[in-house]
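Chain by chain, the residues run as shown.
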Amino acid sequence: MKFVAFTYPGLESILKHELEQRKIEIEKVEDGLIKFIGDTSTLVKTNLWLRTASKVYLLLWEHKDITDFNTLFDIIYNINWQDIIPKWYQIVIHPDSIKSELTAIPTIQAISQKAIIKKIAWDKHYNSEEWKKIEIRINLFKNTLKIMLNTTWESLYKRWYKVWTSPAQLKETLTAGIILLSKSKNLLCYDPFCGSGTILIENAMIDLHIAPWLFRNFMFENFDWVNKNNLEKEKWRAKTRQKDKNLNFIGTDIDPHILKIAQNNAISARVDKYITFYKEDFSKVKSKENCDIITNPPYNKRLQIDNIEDIYNKLNNELSQDNVHGWIITWYDEFKYLVNKKFKMRVFSNWWDKVKFYWK
């Protein structure tokens, strides 16, 4: 069986490392995705453990040089859909086309839907709009067609511990990728703009080896061809492999309401004993020696800040110290003129924003 895991462009190397840690055979790394090989236990393992993947798909078919709609219809129709998708589910087609001759997304969607329905038309148990949905992704890139079945359903950035969110949060998959990219090893970690606590919680879960998807359900649990015992076994293994460390993580913010949200999220994630949240204005913070600073400061977009330049000047001063390591994720473009020359930088997308990741 072949699978596809999608990730943020720029995080392919991190996702590749995650798969290699699980001893999963990688077939190909492409922009924003990795193809890998395995069986149904691989499907379970990757959905449960991959921190930087957005979704895991079963690759049903891949074919080059798709340039006409008749060929598209025939290929989709020839798949044995009744053996793959469960009954009592509404089939939802998600098409996309990049640098391909077939560019009409509505037509691609309609033809794909027509081919699948025609194949299973004899069975009344499919396609009622009143039932739960199952996603089929039709991906065209440079005329190469990938037909994929979503085994995850809701995107994996929707962590189970998120009781509440903040208006300017990072996606959890991007946050985990940045933490893994940072290679932070310090037991003392500080986020002076902690918001709903995502950075500190993800960092703690990584250090403590807590599976990011231990307490959620997946679409593949509805597939008859997936052994449900595999999921229970893998969850049991995940619980037995959790670690305990003397972590001392600190999160501060000026908003007491958002700090309460962060505390509740940490409790939900079972890492609250490792993280201390309290109200503090960053302008009054004294230097914390031998401390890693990882933060997503405000950048005057979704949250408006009056003293934005002062904040970034102080951040630069704090992180310029030799005994402090730091990682900053920000959309604030002016920071590039303030930042210490020792910093490196990469660009990622977070929701609708292009964010820059600085590290030293």
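Look up: the structure comes first, before these words.
Residues numbered from 1 in each chain as written. Predicted model: local features only at pLDDT ≥ 70, side-chain atom pairs only at ≥ 80, totals over all residues. Heavy atoms only, no water.

1. A short note on helix α9 (residues 308–319)
We apply this condition: Here a strand is any run of E in DSSP of at least two residues, a helix any run of H or I of at least four, and the numbering for each starts at the N terminus. What a helix is expected to span follows from its residue count: subtract one and scale by 1.5 Å. The buried label goes to any residue with under 20% of its type's maximum accessible area, the exposed label to any with over 50%, and the partly exposed label to all in between, with areas taken from a 1.4 Å probe on protein chains only. Contact between two residues is taken to exist if any of their heavy atoms lie within 4.5 Å; hydrogens are not considered.
A rise of 1.5 Å per residue sets the reference length of α9, with its 12 residues, at 16 Å; its end C-alpha atoms lie 17 Å apart and thus fit the reference within 8%. Inspection of α9 places Ile 308, Ile 311, Tyr 312, Lys 314, Leu 315, Asn 316, Glu 318 and Leu 319 among the buried residues, and these make up the whole buried set. Looking at the buried side of α9, the elements it contacts are β11 (292–295), β12 (325–330) and α10 (335–338).

2. Quick look at a positive patch on the surface
Put simply, the test is: Residues enter patches when they are more than 30% accessible in relative terms and free of salt bridges; like-charged ones are connected within 9 Å and nonpolar ones (Val, Leu, Ile, Met, Phe, Trp, Tyr) within 5 Å. Per-residue accessibility takes into account occlusion by the displayed protein chains alone, with areas from the Shrake-Rupley method and a 1.4 Å probe. Any Lys or Arg side-chain nitrogen found within 4 Å of a carboxyl oxygen on Asp or Glu counts as a salt bridge. Counting rule applied: Lys, Arg positive; Asp, Glu negative; His and chain ends not counted. One atom stands in for each charge, and that atom is NZ of Lys, CZ of Arg, CG of Asp or CD of Glu.
A contiguous patch of positive charge, built from Lys 183, Lys 185, Lys 243 and Lys 245, is present on the exposed surface. Along the polypeptide, Lys 243 turns up in the loop between α7 (228–240) and β9 (248–253).

3. Observations regarding the packing of aromatic side chains
Short version of the rule: In this analysis, rings of Phe, Tyr and Trp, with Trp reduced to its six-membered ring, are considered paired at centre separations within 6.5 Å, and the interplanar angle assigns stacked below 30 degrees, edge-to-face beyond 60, and tilted for intermediate values. Definition used: whenever NZ (Lys) or CZ (Arg) falls within 6 Å of the ring centre and also within 35 degrees of the ring normal, the charge is taken to sit over that ring.
Under the counting rule described, the total for this entry stands at six aromatic pairs. With a centroid separation of 6.1 Å and an interplanar angle of 10 degrees, the aromatic rings of Phe 73 and Tyr 77 are classed as stacked. Remark: Tyr 77 and Phe 73 occur in helix α3 (residues 69–77); sequence separation between them is four residues, near one turn of the helix. A centroid spacing of 5.2 Å and a plane angle of 10 degrees characterise the contact between Phe 218 and Phe 220, whose relative ring orientation is stacked. Neither Phe 218 nor Phe 220 differs from the other in exposure class; each is buried. Cation over ring: Lys 119 sits above Tyr 77, and NZ or CZ is 5.1 Å from the ring centre.

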